[in-house]
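# Summary of the model geometry
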Amino acid sequence: MSHRPLLFLDVDGPLNPFRAKAQRRPDGYTTHRLRPHGWEDTPRPLRVWLRPDHGERLLALPYTLVWATTWEHDANTMIGPVLGLPELPVVELPHWSTAAEGLCFKTTTLVEYADGRPFAWVDDMITDRDVALVRRRHPGAALLHRVDPRLGLLDADFRRLGEWPSARPAGALPEDA
Ligand SMILES: [Mg+2]
């Protein structure tokens, strides 16, 4: 079994900068019109911006990649192939409406999935309360790394993720707060 930390990977925000202001796609991204689960019957598919080179950069990081996104298994069929990612494990998440006040709906499920293993989590929805909850409930090291959904993953994010496993602090650290 791998001793690499897990990297919980969100799609909308880090990989798809869906809040980018311009109506045209951000530089380096390609436009995809997708129908994930729940979007089969909508008049228009979902517009998703992706950077094909993100796959290679993610695979080069010293982690075991795990999808942690509302795309769930659709991430493996619709997002991963665009980025050149192999099939990855998927965390099955509770409905977003189940979140406690001020917490991301994913947090407790990710802590349970990690089961004490060190992990980094890349998401646009991380709050200080999520950081506090992980500190309380997760005995291993954790990096909660918030990404701006207007920008997606940037060089600085890849640098931080690349450095963290070898300079791992105790407990969780908020990023970009
Ligand atoms: Mg997101």
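Right, let's walk through the structure included here. Given the structure is predicted, the values throughout are model-derived calculations rather than measurements. (Residues numbered from 1 in each chain as written. Predicted model: local features only at pLDDT ≥ 70, side-chain atom pairs only at ≥ 80, totals over all residues. Heavy atoms only, no water.)

## Topic: the overall build of the protein chain
A tally of regular secondary structure across the protein chain gives 5 helices and 7 strands. In the protein chain, the succession of α and β elements from N to C terminus is β-β-β-α-β-α-α-β-α-β-α-β. The globule rule puts the C-alpha radius of gyration for 177 residues at 16 Å, and the 16 Å found for the protein chain is close to it. When its C-alpha atoms are laid out on the principal axes, the protein chain stretches across 45 × 35 × 35 Å. Summarising the internal contacts of the protein chain: among those between residues at least 6 apart in sequence, 62% fall at separations of at least 24. Total accessible area on the protein chain is roughly 9300 Å²; 51% of this is exposed by carbon and sulfur atoms. A gap of 5 Å separates the mean positions of the 22 positive and 24 negative side-chain charges of the protein chain. (Helix = DSSP H or I, 4+ residues; strand = E, 2+ residues; numbered from the N terminus. Rg over C-alpha atoms; globule rule 2.2 N^0.38 Å. Contact = heavy atoms within 4.5 Å. Areas by Shrake-Rupley, 256 points an atom, 1.4 Å probe, with all protein chains shown as cover. Lys, Arg positive; Asp, Glu negative; His and termini not counted. Charge placed at Lys NZ, Arg CZ, Asp CG, Glu CD.)

## Regarding unusual backbone geometry
The phi torsion at glutamate 72 lies on the positive side, around 40 degrees, for a residue other than glycine. As for its placement among the helices and strands, glutamate 72 is situated in the loop between strand 4 (64-67) and helix 2 (74-83). Positive phi values are uncommon outside glycine, yet aspartate 115 reaches one of about 50 degrees. Inspection of the secondary structure assignment puts aspartate 115 in the loop between helix 3 (107-114) and strand 5 (119-123). For aspartate 115, a relative accessible area of 65% translates into the label exposed. (Buried < 20%, exposed > 50% of the residue type's maximum accessible area, 1.4 Å probe, protein only.)

## Remarks on the coordination of the magnesium ion
Reference values for angles at a metal are 109.5 degrees in the four-donor tetrahedral case and 90 or 180 degrees in the six-donor octahedral case. The magnesium ion binds to the protein through Asp10 (OD), Asp12 (O) and Asp124 (OD), with metal-donor distances spanning 2.1 Å. Going along the chain, you hit the donors of the magnesium ion in the pattern D-x1-D-x111-D. Using a relative accessible area of 21% as the deciding quantity, one classes aspartate 12 as partly exposed. (Donors = N, O, S within 2.8 Å, 3.2 Å for Na, K, Ca; no water.)

## Digging into the packing of aromatic side chains
The final tally for this structure, using the stated rule, is 2 aromatic pairs. Taking 5.7 Å as the distance between ring centres and 75 degrees as the angle between the ring planes, the aromatic pair formed by phenylalanine 8 and tyrosine 113 counts as edge-to-face. In this pair, phenylalanine 8 is assigned in strand 1 (residues 6-9) and tyrosine 113 in helix 3, connecting sequence segments 105 residues apart. Exposure remark for tyrosine 113: the relative accessible area of 29% places this residue in the partly exposed category. An aromatic cluster is present here, built from Phe8, Tyr113 and Phe119 joined pairwise through their rings. A cation over an aromatic ring shows up here: arginine 47 above the ring of tryptophan 49, its NZ or CZ 3.8 Å from the ring centre. A cation over a ring is seen here: arginine 57 above phenylalanine 158, with NZ or CZ 4.2 Å from the ring centre. (Phe/Tyr/Trp six-rings, centres within 6.5 Å; stacked < 30°, edge-to-face > 60°. Lys NZ or Arg CZ within 6 Å of the ring centre and 35° of its normal.)

## Comments concerning helix 4 (residues 128-137)
By the burial criterion, the buried members of helix 4 are Asp130, Val131, Leu133 and Val134. On an axial view of helix 4, the arc spanned by its buried residues comes to 165 degrees, and they lie on one face. In helix 4, the exposed positions angled more than 90 degrees off the buried face are occupied by Asp128 and Arg136. (Arc of directions from axis to C-beta.)

## So, the nonpolar core
The biggest cluster of nonpolar side chains holds 29 residues, and the ones touching the most others in it are Leu7, Leu15, Leu58, Trp67, Trp71, Ile79 and Leu161. For this core, the secondary-structure elements that each account for two or more residues are strand 1, strand 3 (46-50), strand 4, helix 2, strand 5 and helix 5 (155-163). Not counting chain neighbours up to four residues away, the residues in contact with leucine 58 comprise Leu7, Leu9, Leu15, Leu65, Leu85, Leu153 and Phe158. Formed by 20 residues, the second largest nonpolar core is a distinct cluster that contains Leu6, Ala68, Cys104 and Val131. (Core = buried A, V, L, I, M, F, W, Y, C linked by side-chain atoms within 4.5 Å.)

## Quick word on the side chain of histidine 138
Within the secondary structure, histidine 138 is located in the loop between helix 4 and strand 6 (142-146). Overall, histidine 138 belongs to the buried group, its relative accessible area being 5%. Not counting chain neighbours up to four residues away, the residues in contact with histidine 138 comprise Val111, Ala114, Gly116, Arg117, Pro118 and Phe119.

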